[in-house]
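Observations on the three-dimensional arrangement
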Amino acid sequence: MMKIIKQSILAIAVCCAANSYGADTNKQLTLSAQAAFAKQNYAKALEHYQTIHKQVASYENSYAMAVCYFKLKQWTKAHAIFTSLAATNPEDEWVEINLALTLAKMGRIEESLQRLLALASLADSEYVATLAYSNYKKISAQYPEDSSQQASQASTILSASLGVGIDSNVVSFVDEVTRYGNDTFIELSASTAWYSSADFTNNFVLDANFYSSKYTSTADYNVDILSLGGRKNFAINEMNMLNAGLRLDQVAIGGEAYMRSANLELGGKWKLQPGAALRYGLRYQTASELDEIYQPYAGNSLRLKLDWAKRDGPHRWQMKYQRDNENKNDGSGAETDAGFTTFNSYSATRHLWAASWDYTHKQWNIKPFIELRKSKYKDPHIFSDDTQTLRIDDKKVVGLELNRTLSEHWDINVDLRSSNNNSAIESYSYNQNIITFTLGWQN
């Protein structure tokens, strides 16, 4: 039975690769390779795919060559190609399962079991998840010592990134004059996560994260965030996973202590049709000021989040809805274009709608996105002349993220985004463009 399953996986992979390769000049070679593979003449099929590869290198053709090497029991060559494809497109679950099976054939049982167990728990495709679990059970039975060690093995992941960027909407105060302009900044982030085991249906996760951004000329825009958290993952059934966690955050703005918050988070993942999943979450946050001048911004909030995603080959679509209900202390006056206020409302009900499309091409991941957010504040602002205005903001963000995998541990990212906020109170309306270039590392 397992042999049939494996052959099905590999045959599907080859058929997909052959059918998607549409260059007219190589059409006959593609058909000949597919026919040879169907007749189990893997050496001949490989010869045709190699000829095609010399003329036009493609992700799909490399995939087909790796499958042929696997069928010919040339594990090292199959492993090299599958590893390269996995680095190019980490979201391709078929590459991942074929790589796991190749590792098992090479005697690297522990690595194979780790990948299969992760796929069985997290794969968007129900078919891939089932195949991964079936193979995991078979290999576990053959190598019980390795499977027992793998199931209980803890692991730690480290990551860091360094970026530079340009912000087009920076407000500064020089000689009591408000000035608007551009400024450059540097971003630094570092994180670590500890997993109690590789079984994502029943494990604990502890993580720590640090983020810092420093502006060249406008120190008031500097931000430092330290976050510590933990959560428990568990499964209800094959279609539903749940998690519960607690997170503590501390934020400094402009080099001064700003806010400390505690977050209780509940969420889960519901697998829909193959390749699609709905993630949902509820977060309760309570925030306290670290300096009395920030007391109006402290309070609590409740967030509901729904995230639908579907993957189809190199494509991934995502839609998100988020609702925040804030109850802050409010109060305190401020100077606006319309005059001085004697009361400001910082508590709002916010609705966010977002959509994005990911496409992987060779080593590049391309992601255009759009976000729409509507914020309605609960109480009107009161000005010094006793006039009142209820603040309602409509914000739109459009952007593009480009990510390229450089190696197993390194990648680069380019983030372009343009924001427009229209507010019922003119002082809160703005346009902003930000470009960020980031180099990232993960162990």
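Residues numbered from 1 in each chain as written. Predicted model: local features only at pLDDT ≥ 70, side-chain atom pairs only at ≥ 80, totals over all residues. Heavy atoms only, no water.

1. Looking at the packing of aromatic side chains
All chains considered together, the criterion is met by eleven aromatic pairs. Ring geometry for Tyr-63 and Phe-82: centres 6.2 Å apart, planes at 80 degrees, overall edge-to-face. Here Phe-82 lies in helix α5 (residues 75-88) and Tyr-63 lies in helix α4 (residues 59-71), a separation of 19 residues in the sequence. Here Tyr-63 and Phe-82 have matching classes, each one buried. Taken together, a centroid distance of 5.2 Å and an interplanar angle of 35 degrees make the contact between Phe-185 and Tyr-215 tilted. Highlighted residues: Phe-185 in strand β2 (residues 177-195) and Tyr-215 in strand β3 (residues 202-215), separated in sequence by 30 residues. (Phe/Tyr/Trp six-rings, centres within 6.5 Å; stacked < 30°, edge-to-face > 60°. Helix = DSSP H or I, 4+ residues; strand = E, 2+ residues; numbered from the N terminus. Buried < 20%, exposed > 50% of the residue type's maximum accessible area, 1.4 Å probe, protein only.)

2. Considering the environment of Lys-395
Structurally, Lys-395 can be placed in strand β16 (residues 392-405). Residues in contact with Lys-395, not counting those within four places in the same chain, are Glu-371, Leu-372, Arg-373, Ser-419, Asn-420, Asn-421 and Tyr-430. A polar contact is formed between the side chain of Lys-395 and the side chain of Tyr-430, at a distance of 3.3 Å. (Contact = heavy atoms within 4.5 Å. Polar contact = N/O pair within 3.5 Å; in protein donor to acceptor, adjacent residues only side chain to side chain.)

3. Some points on helix α2 (residues 27-38)
In this model, α2 (twelve residues) spans 17 Å end to end at C-alpha, consistent with the 16 Å of a helix rising 1.5 Å per residue. In the segment just after α2, Gln-40 is the residue with positive phi, at about 65 degrees. (Expected span 1.5 Å × (residues − 1).)

4. Observations concerning the pattern of salt bridges
Here the structure, examined in full by the defined rule, presents eleven salt bridges. For Glu-96, the salt bridge goes to Arg-115, with nearest N and O atoms at 2.6 Å. Residue Glu-96 is located in helix α6 (residues 93-105), and its partner Arg-115 is located in helix α7 (residues 109-122); the two are separated by 19 residues in the primary sequence. Judged by its relative accessible area of 17%, Glu-96 is buried. The partner of Arg-350 in a salt bridge is Glu-326, with the nearest N and O atoms 2.9 Å apart. Here Arg-350 is found in strand β12 (residues 348-361), whereas its partner Glu-326 is found in strand β9 (residues 315-328), with 24 residues between them in sequence. A relative accessible area of 13% means that Arg-350 is categorised as buried. (Salt bridge = Lys/Arg side-chain N within 4 Å of Asp/Glu carboxyl O.)

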